[in-house]
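# Residue-level structure breakdown
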Amino acid sequence: MKGIFDSLRKTRNAVFGQIIGILGGGEITAESWEELEALLIQGDVGVHTALLLVERLREAVREEGLYQTADLQRLLRKEIGALFPEQTDPLNLDWPLAVILIVGVNGSGKTTSIAKLALRLKKQGRKVILAAGDTFRAAAIEQLSIWGERVGVPVVQGEPGGDPGAVVYDAIQIAKSRGMDTLIIDTAGRLHTQHNLMEEMKKIRHIVSKRVAWGPHETLLVLDATTGQNGLSQAKHFLAAVDVSGIVLAKLDGSAKGGMVLSISAQLELPIRFVGTGERKEDFAPFDKDAFIQGLLGEE
Amino acid sequence: MFESLSEKLQNVFEQLGKHGVLREEDVKQVLREIRLALLEADVNYKVVKEFTSRVREQAVGKEVTQALNPAQQVVKIVHQELVETLGAPGRLSLTGTAPYVLMLVGLQGSGKTTTVAKLALQLRKQGHFPLMVAADTYRPAAIKQLEVLGRQLDIPVYSEHGRELDPPAICVRGVEQANSRGADVVILDTAGRLQIDTQMMQELETIRERTQPVEVLLVADAMTGQEAVSIATGFHEQVGLTGLILTKIDGDARGGAAISMRSVTGVPIKFLGTGEKTNALELFHPERMASRILGMGDVLSLIELAEESFDLEETARMEKRLRKGKFDLEDFLKQLRQVRKMGSIGELLNMVPGMKRALRGVSIDEAQTEKQLKRVEAIILSMTPEERRNPSVLNGSRRLRIAQGSGTEVQEINQLISQYRQMKKMVKNLNKGKMGRGLSLPKFF
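A few points on the structure. (Residues numbered from 1 in each chain as written. Chains lettered and ligands numbered in written order. Predicted model: local features only at pLDDT ≥ 70, side-chain atom pairs only at ≥ 80, totals over all residues. Heavy atoms only, no water.)

## Some words on the overall build of chain A
Where we set the bar: Only runs of H or I of at least four residues qualify as helices and only runs of E of at least two qualify as strands under DSSP, and these elements are numbered from the N terminus. Partly exposed describes any residue whose relative accessible area lies between the buried limit of under 20% and the exposed limit of over 50%, with all areas from a 1.4 Å probe on protein chains only and scaled to the type maximum. In short, Shrake-Rupley with a 1.4 Å probe defines the accessible areas, and a residue's cover is counted only from the protein chains shown.
Helix and strand content of chain A: 11 helices and eight strands. Counting the 300 residues in chain A, one finds 60% classified as buried. With an accessible surface of roughly 11,900 Å², chain A has 49% of that area assigned to carbon and sulfur atoms.

## Concerning the overall build of chain B
Threshold: Residue contacts follow a heavy-atom distance rule, with two residues in contact if any of their heavy atoms lie within 4.5 Å.
Within chain B, the regular secondary structure consists of 20 helices and eight strands. Of all 445 residues assigned to chain B, the portion counted as buried reaches 52%. Restricting to contacts in chain B with at least 6 residues of sequence separation, those with at least 24 account for 75%. Of the roughly 20,600 Å² that chain B leaves accessible, carbon and sulfur atoms contribute 50%.

## Section: the packing of aromatic side chains
Aromatic rings in a pair are described by how distant their centres are and how their planes are angled relative to each other. All names here are of chain A. Here is the rule: When two rings of Phe, Tyr or Trp (its six-membered ring) have centres within 6.5 Å they constitute a pair, described as stacked for plane angles under 30 degrees, edge-to-face for angles over 60, and tilted for the intermediate range. Both a distance and an angle decide whether a charge sits over a ring: NZ of Lys or CZ of Arg must be within 6 Å of the ring centre and within 35 degrees of the ring normal.
On inspection of all chains with the given rule, the structure shows two aromatic pairs over all chains. Here the aromatic rings of Phe84 and Phe287 are separated by 5.3 Å at their centres, their planes lie at 50°, and the arrangement is tilted. Taken together, the residues span a long stretch of sequence, with Phe84 in the loop between helix H4 (69-83) and strand S1 (98-103) and Phe287 in the loop between strand S8 (284-286) and helix H11 (289-296) at a distance of 203 residues. Take Phe84: its relative accessible area is 6%, and that puts it in the buried class. With relative accessibility at 15%, the residue Phe287 sits in the buried group. Judged by centre distance (4.9 Å) and plane angle (20°), the ring pair of Phe274 and Phe284 falls under stacked. Of this pair, Phe274 sits in strand S7 (residues 272-276) while Phe284 sits in strand S8; the two residues are 10 residues apart in sequence, bridging distant segments of the chain. As far as the burial class goes, Phe274 and Phe284 line up, both buried. One cation-aromatic arrangement involves Arg150 over Trp147; the distance from NZ or CZ to the ring centre is 4.8 Å.

## Concerning the side chain of B:Lys112
All names here are of chain B. To be explicit about the condition: None of His or the chain ends enter the tally, which takes Lys and Arg as positive and Asp and Glu as negative. Salt-bridge detection follows one rule: a side-chain nitrogen of Lys or Arg within 4 Å of a carboxyl oxygen of Asp or Glu. Polar contacts, as used here, are pairs of N or O atoms within 3.5 Å; protein pairs need one atom able to donate a hydrogen and one able to accept it. Residues neighboring in sequence count only if both atoms are side-chain atoms.
With respect to the secondary-structure elements, Lys112 resides in helix H5 (residues 112-125). No salt bridge is formed by the buried Lys112; its nearest oppositely charged neighbour, Asp189, is found at 6.1 Å. There is a polar contact of 2.7 Å between the side chain of Lys112 and the backbone oxygen of Leu107. For Lys112, the contacting residues outside a window of four places in its chain are Leu104, Val105, Gly106, Leu107, Asp189, Thr190, Ala191, Gly192 and Val219.

## Regarding empty space enclosed by the protein
Selection criterion: Detection works on a 1 Å grid of protein atoms alone, calling trapped sets that fit a 1.4 Å probe cavities and calling open sets with protein on both sides within 12 Å along at least five of seven lines pockets, with lining residues defined by an atom within 4 Å of a point. Grid points are joined across faces, edges and corners, and a volume is the space filled by probe spheres set on the points. Basically, the charged four are Asp, Glu, Lys and Arg, the nonpolar ten are Ala, Val, Leu, Ile, Met, Phe, Trp, Tyr, Cys and Pro, and anything else, Gly included, counts as polar.
Under the counting rule described, the total for this entry stands at five cavities of 30 Å³ or more. Its volume calculated, the largest cavity comes out at about 110 Å³. What lines the largest cavity is a set of 17 residues, and nearest its centre among them are A:Thr226, B:Leu107, B:Ser110, B:Asp221 and B:Thr224. The element that contributes the greatest number of residues to the lining of the largest cavity is strand S5 (residues 215-221) of chain B, accounting for four residues. Among the residues making up the lining of the largest cavity, the classes are represented as seven nonpolar, seven polar and three charged. Each pocket or cavity is described by its volume, and for the second largest cavity that value is around 80 Å³. Lining of the second largest cavity is provided by A:Asp224, A:Thr226, A:Lys251, A:Gly254, A:Ser255, A:Ala256, B:Leu107, B:Gln108, B:Leu194, B:Gln195, B:Glu227 and B:Ile231. Residue classes in the lining of the second largest cavity are distributed as four nonpolar, five polar and three charged.

## Topic: the interface of chain A and chain B
In many analyses, interface size is given as the accessible surface area lost on bringing the parts together. Selection criterion: Each of two parts loses accessible area, computed with a 1.4 Å probe, when they are put together; buried area is these two losses added.
Contact residues are listed per partner, giving 44 residues for chain A and 40 residues for chain B. Surface buried jointly by chain A and chain B totals about 3,400 Å² across both partners, of which 56% is contributed by carbon and sulfur atoms. Where chain A touches chain B, the interface holds two salt bridges. Note that B:Lys144 is salt-bridged to A:Glu142, the shortest N-O span being 2.4 Å. Viewed at the interface, chain B and chain A are joined by 17 residue pairs in polar contact (both at pLDDT 80 or more). Every element with two or more residues in the side of chain A that touches chain B is listed here: helix H2 (30-42), helix H3 (47-64), helix H6 (140-151), helix H8 (195-211) and helix H9 (230-242) of chain A. Looking at the side of chain A that touches chain B residue by residue, the classes come out as 13 nonpolar, 19 polar and 12 charged.

## Concerning the sheet that holds strand S3 (residues 155-156) of chain A
All names here are of chain A. For clarity, the cut-off: Only when DSSP finds a minimum of two bridges between them are two strands counted as paired. The angle between two axes is taken between their N-to-C directions and runs from 0 to 180 degrees, where each axis is a line fitted to C-alpha atoms and a helix contributes only its stretch in contact.
The strand order across the open sheet formed by eight strands is S3-S2-S4-S1-S5-S6-S7-S8, and the pairing between neighbours is mixed. Edge positions in the sheet fall to S3 and S8, since each of these pairs with one other strand and no more. Examined bridge by bridge, S7 and S8 share three bridges and lie antiparallel to one another. Looking at S8, one finds that Phe274 is bridged to Pro286. Contacts from helix H7 (residues 164-177) reach strand S2 (128-133), S3 and strand S4 (182-187), with the element oriented near 165° to S2.

## Regarding the packing of helix H8 (residues 198-211) of chain B against helix H9 (residues 228-239) of chain B
Residue and element names in this part refer to chain B. Just so we agree on the cut-off: Roughly parallel means an angle under 35 degrees; roughly antiparallel, over 145; roughly perpendicular, 65 to 115; everything else is oblique. Throughout, a crossing is termed right-handed when the near helix is turned clockwise from the far one, and left-handed when it is turned anticlockwise from it by less than a right angle.
At a closest axis distance of 9 Å, the pairing of H8 and H9 adopts a crossing angle of 45°. Comparing their axes, H9 and H8 come out oblique. H8 and H9 meet at a crossing whose hand is right-handed. Residue-level contacts link Met201, Leu204, Glu205 and Arg208 of H8 to Gly234, Phe235, Gln238 and Val239 of H9. Of the residues that constitute the contact of H8 with H9, the class distribution is four nonpolar, two polar and two charged.

## A word on the environment of A:Gly276
Residues and elements named next belong to chain A. In this fold, Gly276 is placed in strand S7. Each C-alpha atom, one on Gly276 and one on Asp253, is 7.5 Å from the other, the two residues being 23 residues apart in sequence. When residues no more than four places from it in sequence are discounted, the contact partners of Gly276 are Lys116, Leu249, Ala250, Lys251, Leu252, Asp253, Asp283 and Phe284.

## Some thoughts on the pattern of salt bridges
For the structure on display, the rule yields 21 salt bridges over all chains. For the salt bridge of A:Glu79 with A:Arg56, the shortest nitrogen-to-oxygen distance reads 3.9 Å. Taken together, the residues A:Glu79 in helix H4 and A:Arg56 in helix H3 connect sequence positions 23 residues apart. Residue A:Glu79 is classed as buried on the basis of its relative accessible area, which comes to 15%. Of the charged contacts in the structure, one is a salt bridge between A:Arg190 and A:Glu200, with a shortest N-O distance of 2.9 Å. Taken together, the residues A:Arg190 in the loop between S4 and H8 and A:Glu200 in helix H8 connect sequence positions 10 residues apart. With a relative accessible area of 1%, A:Arg190 lands in the buried category. When salt bridges that share partners are traced, they join B:Glu387, B:Arg398 and B:Arg401 into one network.

## A few points about unusual backbone geometry
Here the bond from A:Gly215 into A:Pro216 is cis, since omega is -10°, no more than 30 degrees from zero. Tracing the backbone shows A:Pro216 in the loop between H8 and strand S5 (218-224). Between B:Ala98 and B:Pro99 the backbone carries a cis peptide bond, its omega angle lying at 0°. Along the polypeptide, B:Pro99 turns up in the loop between helix H4 (70-86) and strand S1 (100-105).

Spelled out as C-alpha cells, the structure:
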C-alpha cells in the first residue's frame, strides 16, 4: 500500500491538499461552497457528481445546524465514501480455471496492468498463464512476452495480425493441459465507439464462455487515471458490450486524481479493483476505499 | 450522451421569458450553463473561468432581437470565442538546414509511437524522406513496435539494441545517420513519461539540446481530463513545445483538453490522430473542434463516417440509377447494408444535432430496430433476382412463398413493398427538383 499512499500524497499536494487550507477554519460562506465545487471538479470528479456532493453537504449542514468549515471535511469524506459500495466481494476466481479478460481503450495501460496482476496472483500461489490477445498493434505480443518473462509467467502467443479468438482458444487448451488455474487474456486496445472492434471483443468473450464454465469470471476494464469525463462513457460502453465486472485504475502515480471513478462507482456500481501506481512490476495495489478518500482529502 | 449547450440555453431562455436585451441576471444564468457545459467537456476549471469572463464582456448589453433566437445568438458568441481560443491550425515548420528533427514527447500511452509512424507516412507522401528513431528504451518492445511499423510502411528506422542504452545518444546517432541514409526529416520517438518525473524530463532536455529539433510536439490523449493543464504546462516549461497533437479523437470524448492545452501553452494544435490506421492523421479544424466541445452535434464526423463506410463508386452508381428512376429492391438491400455497416442506429442518431431534443422521451429500442432490419434483409433475400429487380410481379402466391422462405408474415412483405413504392415516388419527385451530390441519397429510416 505504500505506493498508493505515495501517489495519493502527490495528488493531495497538487490539489486536494487545498481542502484543508480552504476548509481549515472559520465559518461556512458562499465561497466555501464554490471552492469545494471547484476542487472536486478539478479532481475530475465531474460536474454532475461534484454538484451532487455539494448539494448533499449543504443538506447535511442545514440539518445538523453546522456552520464551521472544519465540519465540511468530515462530511465530504462520508459522502464520497457513500458513493462506493460498503463492501466488495473478492475477485471471482474460485474456479478450476479462472479466466480474467482485460479490456480497455488504446494506451490505457492494459499490458502493464496484466503483468502486475499476474505477479500478484502468482505470489498468492496461483498458477497463472497469459494469452497475448492483442494481435493487432505492432509488437504488442512481444511487449506482453517480455513482461511474462519479468514476472515469471508463461505467455501463449499467436501470429501478429492473426485471429485473437484463435489465441484465446489455444490458451484455454494449453492452460487446461498444463494444469493452470488462472488465465489472463490481453486484448487489443479499442475505442468504445468502434462498433466492429467492440463486436470482436464480444466474440472473444463468447469463445471463453463456450470453453470454460461461467467464464470469463472477471472482465476488468483498465482506465487511465488521467482520463476525464470520458471514463464514464468508456465504462458504460464496455459494460454493455462485455459485461465488465470491475475497474483497474492505471497510472495513478501522476498528478491525476482519477476522480472519475466516483461517478463510475456511483452510477454503474462497478467495483474499483486495483490501482496502478508506476512502471515497476510491484507498483500495483488493491483499491482501498478509505485510503483513496484519505488521500483525496489530504489526511494522513 | 450529454445535452448540448444550445439545448440547455434554449431551456434557460424559455424560462426567462422574453426580453429585448440580455440583462445582467440572464447573462449570469446563461454563463452558468456555458461554464457547466465546458466543464462537462473536460475543459480545465481555471481555463473555463477566464473563458466565461470573456464571453460575459461580449454578451452583456447585446441587443437580442426577438427574430433572432437568443439562445442561438449566445451559442454563436461562445462558438466564436472557442474558435478563437483554439487558434489557427499549425503546420510543421521545416525551415533551416536539413535534416529537420521532429521530437515527439508525451505521457505513457498517449499514442507517440503510432503518431511517429503516421507523421512519417504523411511526410513521405509530401515528398520528404523521413527516418524514424526509436528512443523509447524503457517500455518493453517499444523499439520493436517502431521497427515493425517501419517495415510495414517501408520507412527506415534507426534503433539500437543492447543493455545500457542511452536515449540522448541514440537520438544523436540517429540524426547523424540521416545524411548517409538520404533522409531529410528525422522523427524521434521518445519514451512516455510523467511531467512530474524530473529525471525523465531532464533526459528530454538533453535530447533537445543535442539534436536541436525544429519541432517539439506534445502528443496528448483527447480524453485527458483536468490534468491537461499541468501536463501541457509541465512539458512546455521543461522542454519547450512548438505544437500539440491530439490523439484518439475518433472516440466520443468532447476534447476539452484541446482548449486547456492550447490556452496554457499558446502553441498551436498541429494534428489530430483520428484512428488506428497509419493514414489516420488529420489537420486540425478549430470550428469542428469548437462544435464538438459544445456538443453541437457532430455532423461533420457523421459525414466522414458515412464517407468511410460508403463505397463511393457504388454510391455514384446508385445515384445514377436513382436519377433514371431505376431503383429496385437490390438497391434497397445494398443501401440497407451500407447503413448498418456504419454502426448502431443509436450511435448514428446521437451525432445528428437536435436529435436528442427531438427524441426527448422517445426511447429507441435498438435491439428491436436491428431485428426489424434483419427481417427486411431476410425478406429481400428470399426473393428471386427477378422479383428484386421488378417487384411489381409480386402476386399473392409469390408473397406467400417469400413469407415462408424468410420466416415472416405476408403482412410484413406488403409493408415493405408499400415502403418501397413510397421511396420510389420520393425519388421521382427529387429527380424533378434538384438533387444534391453523393450522400444526399434518401435514407430509409
